[in-house]
Amino acid sequence: MDGALEVIDGDLNNPKTPMPMIRMIGVSKAFAGADGPVDVLRNLSLTVEKGDIFGIIGRSGAGKSTLVRCINMLERPTSGWVIVGGEDLTSLPPADLRRSRRRIGMIFQHFNLLSSRTVFDNVALPLEVIGGIGRHEIRRRVTPLLDLVGLADKRDQYPAQLSGGQKQRVGIARALASDPSVLICDEATSALDPETTKSILALLADINKRLNITIVIVSHEMQVIKELANNVAVLDRGEIVEEGTVYDLFAGAKTDVTCTLLRDIASRELPEAIRERVTAEQEPDGQPVLRITFRGPAANNPVLFELVREFAAPLNILHGHIDYIQGKPLGILTVAVGGGASHAAAIISRLNGYGLRGEFLGYVAARDLSAA
Amino acid sequence: MSQHVIFQLLEALLETLHMVAVSGTVASVLGIPLGVILVVTGPGHILERRALNRVLGTIVNAVRSTPFIILMVAIIPFTRLVVGTSIGTAAAIVPLTIAATPFIARLVEASLREVDHGLIEAVQAMGASPLQIVRKVLLPEALPGIVAGLTITLVSLTGFSAMAGFVGGGGLGDLGIRYGYQRFQGDVMAAVVIILILLVQGVQSAGDVLARRLNKRIIDREESKAR
C-alpha cells in the first residue's frame, strides 16, 4: 500500500514526467453475489496519458464497464486508488467528489437523455447542476456545442423525436458542457448501426483533436477500438492481459483472448479450406507454411521480391491481408515455401533481420496446393 | 324538482368540491414528498436509509388498510385538535387528507420507480447532489405518472367524500343518502349520481389530457408536425 502511494508522490514531484490524466493503481472491485463476493476487477493498474484516446476491450463480463465506472466513482473500488488529473477520487468526501466529477464527462450505450427535456435543455443540464450560471451564459455555452455535434436545428426537439445517432450526439454535447478534461465512452456505439457508429467515432476523434480531451472508450468491438484508439488494454476476467498501442496489438497479439477479439476484423487466420490442409508432420512433398507479419517501416520494402531473389525459392501465396491502423500499414501474408524445408528457418531469420515477423505454421503438401 | 332542492344540490356540489380540493391539495403537498422519500431511501437508491424506509412503509400501509369510515371516527380527537371541531365540512377534510396522503405517496413512489436508473447515473456523473437528482431528474421524468396518480386520487376522494355526511360534512353523497335513500326521493338520488358522474368524468379527462401533454416520451404526430 505504502509503495503505491510513493509511486504517486514520486510522479507528482518529478517535473520531467508529465502527469498522466488517469492513473488506476491496484484497483479491485467485488460485488455481493449469491455465493459470496464476486471479483469483477482484480488488482488492476493502468495509466492514461493526457490527450490520449485509450481503448478498453474485452468480452462481455470481462469487467470493462465496471472499470470505466470506477474512473468517476459511479462504482467505488473495493480497494486501490483512482487518480484523475492528480486528484485521488477514492479519498474525496461526497461534495468534493461531485465537484471533481464535472471534469469527467461520460456517454452511455443507451444515451440516458432526459425524455422530459429538449435537446437544448439536456445539454444545459450539467451547467444547471454546477449552479450559479445565468441563462445567457448557458445559451452562450450550449449553442456552440450543438453546432459542434451538428444538431443546431434540433435544439427544441425532444429525445423521442431523434434517431439513435442523434441521441448520442446530444449525449456527447451534454458530456462536454461542463468543459471536462476526460470523456468516458461506455459502449457508446454498441446500440448504433455500423454507419452511425463510424460518424460518432469520427466526431469523437475530432473532439479529441480540437479540445485535446482525453478519451477512454470501452467496447467489445475491435473495429471501434481500431478506428479510434491510440492505446489499448485488453481486459479478461477483471485483469489486464495485454496493453500497448493499437498497432502493436494488431501486429502481434500475444494472448488467446486478444486473438479471439481480433479474429472478426483482422484476417490473421487462414481460411478453413487451407487451414485443414496444413499439417504438423512433413509429408514427402510437403512445403513449409510461413505467416509473415509486415509491420512498421519495413512493411514498405519489397521484401517478397528480395526473398525470392536471395533464396531462389518460389513463394506460393496462400492468403493475404493488408490493413491500415492509425494510417500505418499492417500486412499479414501466409506463404508456402517451395524448394525444400531447409529454406524455412533461413527465411524466418532473414525476416527478423528485416524487422518483420515470420512464424512457422506447419506443412502443406504441394499436391494439395495445386488442388486448392 | 323544487327550487329548494336545486339550491341544495348546488350547495352540496360546492361542499364536495371544497372537501376534495382542500384535502387533495394538502394530501399532495404531504404525499408527493413522502413518495419521494419512500423511493430515495429504498435499498440501493441515492439516499438509502433502510430503517427509515421500513418505518415509513409500515405507517403508509397501516393508514391505507384502515377503512375510511373507521379512520374518520378513530381520529376525531386529532381532527378536533386541528380544526377545532369534529363535525362539518372542515372536520371531514382532515380524515380525507389523512386517507389520501399515503395513497398519493404510493402512486408517486410507483411513478418514480419507473424512471430509468441510467438517467440517475448520468446526472450523478455530472456531479449532481441527491436534491438535484430529485428536482431535475426524478420529478420531471415521473411527472406524467404523478399527474395520472393525482387524478386517480381526486376521483377516489370524490367517492370517499360521500361518507363525510357521517360527521356532518355535507356534500353530494350525503345529500343523496338523506333525500334519495332516507326520504325515498329517487329523482334527487338520480340527480346526485349524474352530477357525480359528470364531475368524475371531467376530472379524469382533464387529468388524462394534462398527463399526455407532459409525456414527452411519446410525441403526438400532430404536435410533432406543429414543431
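Residues numbered from 1 in each chain as written. Chains lettered and ligands numbered in written order. Predicted model: local features only at pLDDT ≥ 70, side-chain atom pairs only at ≥ 80, totals over all residues. Heavy atoms only, no water.

Asker: What's the story with unusual backbone geometry in this structure? I'm lost.
Answerer: In terms of backbone geometry, most residues other than glycine have negative phi values and most peptide bonds are trans. Residue and element names in this part refer to chain A. For Glu187, which is not glycine, the phi dihedral falls at a positive 50 degrees. Its place among the elements puts Glu187 in the loop between strand S7 (182-186) and helix H7 (194-211). A positive phi angle is found at Asn212, which is not glycine, with a value near 50 degrees. Within the secondary structure, Asn212 is located in the loop between H7 and strand S8 (214-219). (Helix = DSSP H or I, 4+ residues; strand = E, 2+ residues; numbered from the N terminus.)

Asker: What is the right way to read the confidence of the model for chain B from this model?
Answerer: Close inspection of predicted coordinates is inappropriate in any region flagged by low pLDDT. Residue-level pLDDT values for chain B average 91, and 96% of them are 70 or greater. The ipTM assigned to the predicted complex is 0.87, against a pTM of 0.84. (pLDDT = per-residue confidence, 0-100.)

Asker: How should helix H6 (residues 117-125) of chain B be read in this particular structure?
Answerer: Given 3.6 residues per helical turn, the α-helix brings residues three or four places apart onto the same face. Extensive coverage of H6 of chain B is indicated by the burial of seven of its nine residues. Residues of H6 of chain B that are buried in the fold lie against helix H2 (64-71), helix H3 (94-101), strand S6 (104-107), helix H4 (119-130) and helix H6 (164-176) of chain A together with helix H7 (130-160) of chain B. N-cap assignment for H6 of chain B: the residue whose side-chain oxygen lies 2.9 Å from the backbone N of Gly118 of chain B is Asp116 of chain B. Immediately beyond the C-terminal end of H6 of chain B, within one or two residues, lies Gly127 of chain B, with a positive phi of roughly 95 degrees. (Buried < 20%, exposed > 50% of the residue type's maximum accessible area, 1.4 Å probe, protein only. Contact = heavy atoms within 4.5 Å. Polar contact = N/O pair within 3.5 Å; in protein donor to acceptor, adjacent residues only side chain to side chain.)

Asker: Explain the packing of aromatic side chains here, please?
Answerer: What describes a pair of aromatic rings is the distance from one ring centre to the other and the angle between the planes of the rings. Scanning the model with the defined rule gives two aromatic pairs over all chains in all. Aromatic pair Phe68 of chain B and Phe160 of chain B: ring centres 5.0 Å apart, planes at 25 degrees, arrangement stacked. Of the two residues, Phe68 of chain B sits in helix H3 (residues 68-74) while Phe160 of chain B sits in helix H7, which places them 92 residues apart along the sequence. Its relative accessible area of 6% is what places Phe68 of chain B among the buried residues. Positioned above the aromatic ring of Tyr247 of chain A is the side chain of Lys328 of chain A, whose terminal nitrogen or guanidinium carbon lies 4.6 Å from the ring centre. Residue placement shows Arg183 of chain B over the ring face of Tyr179 of chain B; its charged tip is 4.4 Å from the ring centre. (Phe/Tyr/Trp six-rings, centres within 6.5 Å; stacked < 30°, edge-to-face > 60°. Lys NZ or Arg CZ within 6 Å of the ring centre and 35° of its normal.)

Asker: Is there a simple way to explain the environment of Asn122 of chain A in this structure?
Answerer: Residue and element names in this part refer to chain A. Residue position: Asn122 is located in helix H4. Look at Asn122 and you get buried, because its relative accessible area is 0%. Linking Asn122 and Pro159, residues 37 residues apart in sequence, is a C-alpha distance of 9.0 Å. When near neighbours in sequence (up to four residues on either side) are disregarded, Asn122 contacts Leu113, Leu114, Arg117, Pro159, Val170 and Arg174.

Asker: Quick question: what am I supposed to make of the side chain of Ser28 of chain B here?
Answerer: Residue and element names in this part refer to chain B. Inspection of the secondary structure puts Ser28 in helix H1 (residues 3-40). Given a relative accessible area of 16%, Ser28 falls into the buried group. One polar contact links the side chain of Ser28 to the main-chain carbonyl oxygen of Gly24, over a distance of 2.8 Å. Dropping the residues within four chain positions of it, Ser28 is found in contact with Pro33, Ile104 and Leu150.

Asker: Got a minute to help me understand the interface of chain A and chain B in this structure?
Answerer: Many analyses report the size of an interface as the accessible area lost when the parts associate. Of the residues lining the interface, 24 residues belong to chain A; the matching set on chain B comes to 23 residues. Together chain A and chain B conceal approximately 2100 Å² of surface at their shared face, both sides included; 58% is due to carbon and sulfur atoms. On the chain A side of the contact with chain B, Arg98, Ser115 and Val129 of chain A bury the most area, a combined 24% of that side's loss. At the boundary of chain A and chain B, one finds two salt bridges. (Buried area = accessible area lost by both parts, 1.4 Å probe. Salt bridge = Lys/Arg side-chain N within 4 Å of Asp/Glu carboxyl O.)

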